[in-house]
Each structure stands twice: as C-alpha cells, then as structure tokens.
Amino acid sequence: MEDLAGRIVKKAQQLGCQDAVADLVVNRAFQIRFGRNEPVISSRWRESSASVFLVYDKRVVATDLKDLTDIDASMDRLVKIAKASQRNPEYAGIAKGPFRYGRVRPDPKVLALSDGSNFVDAAVNGAMAQGAKECAGSFWRYEDEHFLATSNGVEGHDHRAGLYLSIRAMVSLESSGHGIACASRLSQFDPEKAGRKAGRIAALAKNPKGGTAGRYTVVFDPLIFGALTDQVAGRASAYSVLAGFSPFGKKVGKRVASPAVTMWDDGSQESLSRKKFDMEGVPTRRTAIIQKGILKTYLHNTSTAKRFKTKTTGNAGLISPDPHAVFVKPGDWSRDEIFSEVKDGLWLTNTWYTRYQSYVTGDLSTIPRDGIFRIRKGEVVETWKDIRLTDNLIRLMKNVVALGDASEQMMWWGEVSIPNFVPYALIKDVNITRSAE
C-alpha cells in the first residue's frame, strides 16, 4: 500500500502535475447496530481506498478512488479533469517534507477485539436500570491504516483505532435520552455509563409540555456544549473565514468568548481522531484557538498560511484546513455547583439541525432534543418540548459563566463532527424561541 501511494504521486508528476498527495487508507472497521434492546445488524469492512489531491498549473482536483485496480487510467482521467478546470490563483502549494513522526500505536486490546456485543449489552442494561423501556443505537470499532505520500518528499504511515457507542433510550415517544461513549483505549471505554445517562434523561423527561420563549440561564450538557464548540473550531478554519462561512473574520487577537473559555485543537493528543500527520504530512500538534476568551489564530494548511502570512498549524485536509480534535479547558465548578447556580433556567441535553441565518455574523438556531428541563434552584421542575435556541455563536461563547471541572469526549452525527472534549457549561441570557417560530 505504501508503494501504491508513491505510485499515484509519481504518475501525477509524470502527467505534469506540480503537486500531488495520495493517502491510501485500509479500513478494517466493524459495527453492531441495535434496536429494541438487542443487536439487529452486524457489519464488517475490509476495504482500501485512496484520497488523491493533485495540482496541474494551479488547477486543483481532489477526490477519493474506490477502485485501485488501474491506477494509471484513474490518474489519466483526473489530470484531464484538472486541465479542464479553472485555475485557482489563491493556491500556494503544500508543505515541504520530509518530517519525523513520533512512535504512536493504537491500543493492542482495541485491535484484538473481534466482537462488541458485550458493550451493547452493557449500554442497554445501564439504560434499562434507569427506567428506559427501549433502546437503539450503534457500536463501532474503528481501525484504519494510512499510507501517505506527497510530491514534496513526505512519506508517512499511521495506524489508528478506537471505540465508539451511541445509545438512544426511550420511555415513550416524547421521552428520550442520548448517551455517548468513545475512547481510543479499551480501559477508558465505558458504554454502561453512556447507557445509564441516556436512560436517566429519558426517565426524567416524561410528559413534556410546550416550552415558553424568553431569555434563560442554561446548563449545557457536554453533548450540546460540544455542538457549540464544534461550530467554533470549524468556523476557525481559515477556509471558512475566506469563504465567508465564519463570524471570526478579522477577529484574531480580539475577544470572541468569555475569559472562562480556553480551547485548542490537537490531533496528536489521545482521542478518537488521534493522528500523526495532516493531509500534507505535517506533524499534528496542539494549537490554541481561543485563550481566555481571545481568538489566537485560524487553523491553516500551507496554502492558507501563506495567504495570511503565517505558518501552517498542521490542519490540512484534502481541500481545506480542518480541526482534528477540540479540547476545552475545564473550569473549577462541580456539576452540582453549576446546577445550584441556576435559580430559574433550563437544562439542555442534546440538539440537532444547527443552521445559520448568517455565517458572517454567527446568527444561528438549533433545535434542542431529548431531555429539555426547566430547573429552579438547581432542581428539575418541568419537562419541555418544541423549543429552538435562536442566538449568536460569539454571543453564546461570551456569555459562558462557568465550566465544569471535568471534560468528556463527545462525538455524534453531524452536530459534533469530530471529538470534542467538553465539560458542563453554564451560559446566561440564552435566547429561546418556539421551534415552530
């Protein structure tokens, strides 16, 4: 496979390309989907594909090749597409290698796993013990090997693996909860805890009534706070800024969050998306995004870094710079202290369908789901439904009052697209509207 990555790059150069990147991926994942409290489908993958990036006279093409049987013919087609494409005057190259990488290997206990049904049982039993009537979700064991080659002298190999479980627990059609477990080490994987949380929220969310619009002090569970920090990291990509998809334009060095908020990106740190290098082969590292509320940098690849007259942050994706994994520095509030601080407010546990009214200003809305609770003096007094959070990303981050003293790794569907290590958060003056408005 390592030779195949090099062959793709060499072929691109023979066809006249100035830059080329090939990332050969061997995927050995398996999945168990479960419904009505028991496994229903088990799937296994053993497949190889190649992510290819090439540049012909500043004409850029990027794609994934699923059929690797005739690389020469595939590259001929891609270069023809490049020749027919428009030039990208902003393109400024890829990183120059070679680079040295640390000796990081996946947990052998994760690699040795051949079944995950015991994890499904643990999660379902945990939810049922809390009062859930029915559970559904999925368990994944991820494993892939990457063989990277570039036209600028990079050769890299990375073996990645991790465990993930998502469980939805229900007591009735309107009473549900969601729990997440993810880890790259077997010893840190706790599906039963995820099940207990999903079941506890579902049992607490009985008989919801329509919520009331207004401004509230809100406790954000890690899953929904992770949806916000995921937005912050994604909008911090230099590509998002240049494309007009970010409220952070011209805000480096300026306040974009509460002084309580410090967050960084780090693909090298242990997480479900730990990786040695980005798509240009640059070693991953810790990059401060927000420090005590101040935006420190955008996330860059080589091309965007040259445009902003800075250095790459090691966040190159195939097309644009992207965050790898987001870490929020915990605060010094216990969970109980955060809830006790709320005299009259809400506790939100999950969300979906986060959409922007304006990317440039950061005006957005998102629809809370699962347990939505009215709390007074730290205690749940009502369960709500049918509300929408309608606010502004920067305003929300500036209104963070307190952060919990422990972070959890969250990742889920499209709302938390990459691992986000986040604590409970208390945010004041959050605008809540009715979901139909």
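Structural data are supplied above this passage.
Residues numbered from 1 in each chain as written. Predicted model: local features only at pLDDT ≥ 70, side-chain atom pairs only at ≥ 80, totals over all residues. Heavy atoms only, no water.

1. Notes on the pairing of strand β16 (residues 363-376)
So, step 1. Of all 14 residues in β16, eleven are buried, a share of seventy percent or more.
So, step 2. As defined by bridge partners, strand β15 (residues 344-358) adjoins β16 across eleven bridges and the pair is classed as antiparallel. Bridging across to β16, leucine 346 finds its partner in arginine 374.
So, step 3. Between the antiparallel neighbours β15 and β16 lie four residues, among them glycine 362 with a positive phi of about 90°.
So, step 4. Sheet topology note: the β16/strand β18 (residues 387-392) ladder contains four bridges and is antiparallel. Bridge pairing links serine 365 to threonine 390 in β18.
So, step 5. Bridge count between β16 and strand β17 (residues 379-385): four bridges; the pairing is antiparallel. Paired with arginine 374 across the two strands is glutamate 382, which belongs to β17.
So, step 6. Linkage of β16 to β17, two consecutive antiparallel strands, is achieved through a turn of two residues, within which lysine 377 is found at a positive phi near 50°. (Buried < 20%, exposed > 50% of the residue type's maximum accessible area, 1.4 Å probe, protein only. Helix = DSSP H or I, 4+ residues; strand = E, 2+ residues; numbered from the N terminus. Pairing = 2+ DSSP bridges.)

2. A closer look at helix α4 (residues 117-129)
So, step 1. The end-to-end C-alpha separation of α4 is 18 Å, in line with the 18 Å expected for 13 residues at 1.5 Å each.
So, step 2. Every buried residue of α4 is listed here: Phe119, Val120, Ala123, Val124, Gly126 and Ala127. Angular distribution of buried residues about the axis of α4 spans 160°; they occupy a single face of the element. Exposed positions of α4 whose direction lies more than 90 degrees from the buried face are Asn125 and Ala129.
So, step 3. Along its buried surface, α4 packs onto β2 (30-35), β3 (38-44), β6 (134-150), β7 (155-172) and α5 (191-204).
So, step 4. Immediately downstream of α4, the backbone of glycine 131 shows phi near 115°, a positive value. (Expected span 1.5 Å × (residues − 1). Arc of directions from axis to C-beta. Contact = heavy atoms within 4.5 Å.)

3. Description of the pattern of salt bridges
So, step 1. Tallying each qualifying case throughout the model produces 19 salt bridges.
So, step 2. Lysine 385 serves as the salt-bridge partner of glutamate 174, at 2.9 Å between the closest nitrogen and oxygen. Of this pair, glutamate 174 sits in the loop between β7 and β8 (175-183) while lysine 385 sits in strand β17, placing them 211 residues apart in sequence.
So, step 3. Classification of glutamate 174 as partly exposed rests on a relative accessible area of 44%.
So, step 4. Judged by its relative accessible area of 24%, lysine 385 is partly exposed.
So, step 5. Of the charged contacts, one joins glutamate 270 and arginine 185 as a salt bridge, the two residues approaching to 3.5 Å between their closest N and O atoms. One end of the pair, glutamate 270, is in the loop between β11 (263-266) and β12 (286-291); the other, arginine 185, is in the loop between β8 and α5, and 85 residues separate them in sequence.
So, step 6. With relative accessibility at 33%, the residue glutamate 270 sits in the partly exposed group.
So, step 7. Looking at arginine 185, the relative accessible area reads 24%, which means it is partly exposed.
So, step 8. Residues participating in the shared-partner salt-bridge network are Arg28, Arg141, Glu143 and Glu145. (Salt bridge = Lys/Arg side-chain N within 4 Å of Asp/Glu carboxyl O.)

4. Regarding unusual backbone geometry
So, step 1. That bond from glycine 97 to proline 98 is cis: its omega, 0°, falls within 30 degrees of zero.
So, step 2. Within the element layout of this structure, proline 98 appears in the loop between α2 (71-83) and α3 (108-111).
So, step 3. Of note in this structure, aspartate 57 is not a glycine but carries a positive phi near 50°.
So, step 4. Turning to its location among the elements, aspartate 57 is positioned in the loop between β4 (47-56) and β5 (59-65).
So, step 5. A positive phi angle is found at lysine 309, which is not glycine, with a value near 55°.
So, step 6. Note that lysine 309 resides in the loop between α8 (302-307) and β14 (326-328).

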